[in-house]
Amino acid sequence: MTRRVVVIGAGVGGLAAAARLAAQGHTVTLVEQAARVGGKLGLETVDGFAFDTGPSLVTMPDELRELFSATGSSASDAGVTLTRLPIACRYTFPDGVTLDLPGEVEQIPAALDAALGQGRGAQWTRFLERSRRIWDLTETPFLRSPISMSTMVRLARKPGDVRAVAPWQSLRGVGSKYLDDPRLRMLLDRYATYTGSDPRTAPAALVTVPYAEQAFGSWYIDGGLYRLAQALADRCATLGVELRLNTRVDEITCGADGVAGVRLDDGSMIDAETVVANADAHQVYDNLLGRRHRGVAAARRRLRRTTRSLSGFVLLLAVDDPPADQAHHHVMFTEDYDAEFDSVFGRRGRARPVERPTIYISAPTDPAIVPGPDTGAWFVLVNAPPHDPDNGTDWDAPGLSERYADSIVEQMAERGVDIRSRIRHRRIISPADLERRTMTPGGSIYGTSSNSATAAFLRPSNRSPVPGLYLVGGSSHPGGGLPLVIMSAKIVADMIGHAGA
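Below, the structure is looked at part by part. Quick caveat, the model's predicted, so the values are computed rather than measured.

## Things to note about the pairing of strand β6 (residues 87–92)
Across the six residues of β6, five count as buried, placing the element largely inside the fold. With five bridges connecting them, β6 and strand β7 (residues 98–102) associate as antiparallel partners. The residue bridging Thr 92 from the neighbouring strand is Thr 98, located in β7. Counted between consecutive antiparallel strands, the loop separating β6 from β7 contains five residues, among which Gly 96 sits at a positive phi close to 95 degrees. As paired strands, β6 and strand β15 (residues 329–332) are joined by three bridges and run parallel to one another. Across the sheet, residue Arg 90 finds its bridge partner in β15, namely His 330.

See the structure below:
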């Protein structure tokens, strides 16, 4: 039957779900509290410079292509042109060694040998073979399907598969069995941050993250990644989705049989048989649903057992005459990665800004995002603790963000990227700003972290305990990052099904 569906939140998960459901024949209304679509996939412009303020990398591009195909278009026809990067990322290690990691997996071993020493490529190849084995075992049951304990039960029937996935091991633990070079182990640790997690406690299954990136390539969307949000909004409009911007939902309303719709902040109602929440799960269960609804209390208890993902501190730098040899993606590692994770997760007292953080720079060479030649729109990110004035870091404390931004620019110069005299404009986005922009508690980028073997089962499922209510996006299964959020939307759309089915 045709359903009236309300989708809350026009992030990528909400846009993708709305487009899929409309293509499946449902009547869809998409409401977004901000003035533009995109959610964490944001855009900021200043003086002709355009900055992506969220994801800066596309992996698993076939997920994006399939999304457009399933909704009646193609990525290219929708205005999304994907370019594969020849250098996936430049890594600068504390000892000064620089590694330009190729974008083609076949070229990686030789590059590792050349930069880090003979035999390092063979080590990484053996590690990726293990990663591929785990990917093959977990891709369909853990990423492309609704999660349940029966998934683990089925896996447990094959002891060899259990040993391969090694749920009792951490990401760092499994990496240490293959990688004896501390720089390779540091490179692997970095991938835990893609899920907002600590490599010392994140499950070994996260070795699939470097496998997916290197096997399927690192990609850029010409004109900036925000083009994806615009293209999905256009698909929604073509498919008849009603989009309401500057519209905040105050409550998900329910009747005896499940959801009944949503109540907006102006007091008006939108009736619906189905609600899809592309909002942080804490926001959904703590603020949008009343406590009387069956099963909600249990969902809240599970959420309380999770750990917030890390947040990020962002600098948007409009640069004049940027260095010609600057890589598109550049990671400059800290001298002490453990100290960084201790700081952001509060392992030794209150969570606090990292004194000497790992610094990530995204510096696309793209004339569509700058006002003219010899200019650059740089996105700079460091891991940061969530905004938590009571128990951690108050990112709204007077002067804190400005002082920290100054420190990061100085440390960039110390590590070989000195643009201090070339910065025309500087914008700061702190975890507190992220919280306000995205209504995500603390500005936690990925909702909950994957800081335990059971994290996948504590992460909120796509089907809520309230009939007719579904969760989509980075804080629900299967997790954060563009490809997983797109998978999340497909899982939800498949659960709801086609009109008339």
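## Observations regarding the packing of aromatic side chains
Taken as a whole, this structure holds 15 aromatic pairs when the rule is applied. Grouping aromatic residues by their ring pairs yields a cluster made of Tyr 91, Phe 93, Phe 333, Tyr 337 and Phe 341. In this structure, Arg 36 is placed above the aromatic ring of Tyr 226, and the distance from its NZ or CZ to the ring centre is 5.8 Å. One residue, Arg 65, lies across the ring of Trp 219, its end atom 5.3 Å from the ring centre.

## Focus: the sheet that holds strand β11 (residues 258–264)
Spatially, three strands are ordered β10-β11-β12 in an open sheet, and the strand pairing comes out antiparallel. Each end of this open sheet is capped by a strand with a single partner; those strands are β10 (249–255) and β12 (269–271). Pairs of neighbouring strands in the sheet enclose a mean axial angle of 30 degrees, with direction left out of account. Pairing analysis gives three bridges linking β11 to β12, with the strands arranged antiparallel. Among the inter-strand pairings, Val 262 is bridged to a residue of β12, identified as Ile 270.

## Regarding the packing of helix α1 (residues 12–23) against helix α17 (residues 482–496)
Closest axis-to-axis distance for the α1/α17 pair is 8 Å, and the angle between their directions is 35 degrees. Viewed along their axes, α1 and α17 form a crossing whose handedness is right-handed. For the pair α1 and α17, the contacting residues are Val 12, Gly 13, Ala 16, Ala 17, Arg 20 and Leu 21 in the first and Leu 482, Val 485, Ile 486, Ala 489, Lys 490, Ala 493 and Ile 496 in the second. Within the contact of α1 with α17, the residues separate by chemical class into ten nonpolar, one polar and two charged.

## Quick word on unusual backbone geometry
Between His 477 and Pro 478 the backbone carries a cis peptide bond, its omega angle lying at 5 degrees. Its location among the elements puts Pro 478 in the loop between β19 (469–471) and α17. In this structure, Asp 321 is a non-glycine residue whose phi angle is positive, near 50 degrees. Topologically, Asp 321 is positioned in the loop between β14 (311–320) and β15. A positive phi angle, near 60 degrees, is found at Asp 374, a position not held by glycine. Tracing the backbone shows Asp 374 in the loop between β16 (359–362) and β17 (375–384).

## Re the sheet that holds strand β2 (residues 27–31)
Spatial ordering of the open sheet is given by β9-β2-β1-β13-β19, a layout of five strands whose pairing is parallel. Here the strands that pair on one side only, and so sit at the sheet edges, are β9 (242–244) and β19. Strand-to-strand twist in this sheet, taken as the mean axis angle between neighbours without regard to direction, amounts to 20 degrees. Looking at chain direction, strand β1 (residues 4–8) and strand β13 (residues 274–277) are connected through four bridges and run parallel. Across the sheet, residue Val 5 finds its bridge partner in β13, namely Thr 274. Each of β1, β2 and β13 is contacted by α1, which is oriented at about 165 degrees to β2, the strand it contacts most.

Criteria and thresholds
- Residues numbered from 1 in each chain as written.
- Predicted model: local features only at pLDDT ≥ 70, side-chain atom pairs only at ≥ 80, totals over all residues.
- Heavy atoms only, no water.
- Buried < 20%, exposed > 50% of the residue type's maximum accessible area, 1.4 Å probe, protein only.
- Helix = DSSP H or I, 4+ residues; strand = E, 2+ residues; numbered from the N terminus.
- Pairing = 2+ DSSP bridges.
- Phe/Tyr/Trp six-rings, centres within 6.5 Å; stacked < 30°, edge-to-face > 60°.
- Lys NZ or Arg CZ within 6 Å of the ring centre and 35° of its normal.
- Axes fitted to C-alpha atoms, helices over the stretch in contact; angles between N-to-C directions.
- Left-handed = near helix turned anticlockwise from the far one by under 90°.
- Contact = heavy atoms within 4.5 Å.
- Nonpolar A, V, L, I, M, F, W, Y, C, P; charged D, E, K, R; others polar.

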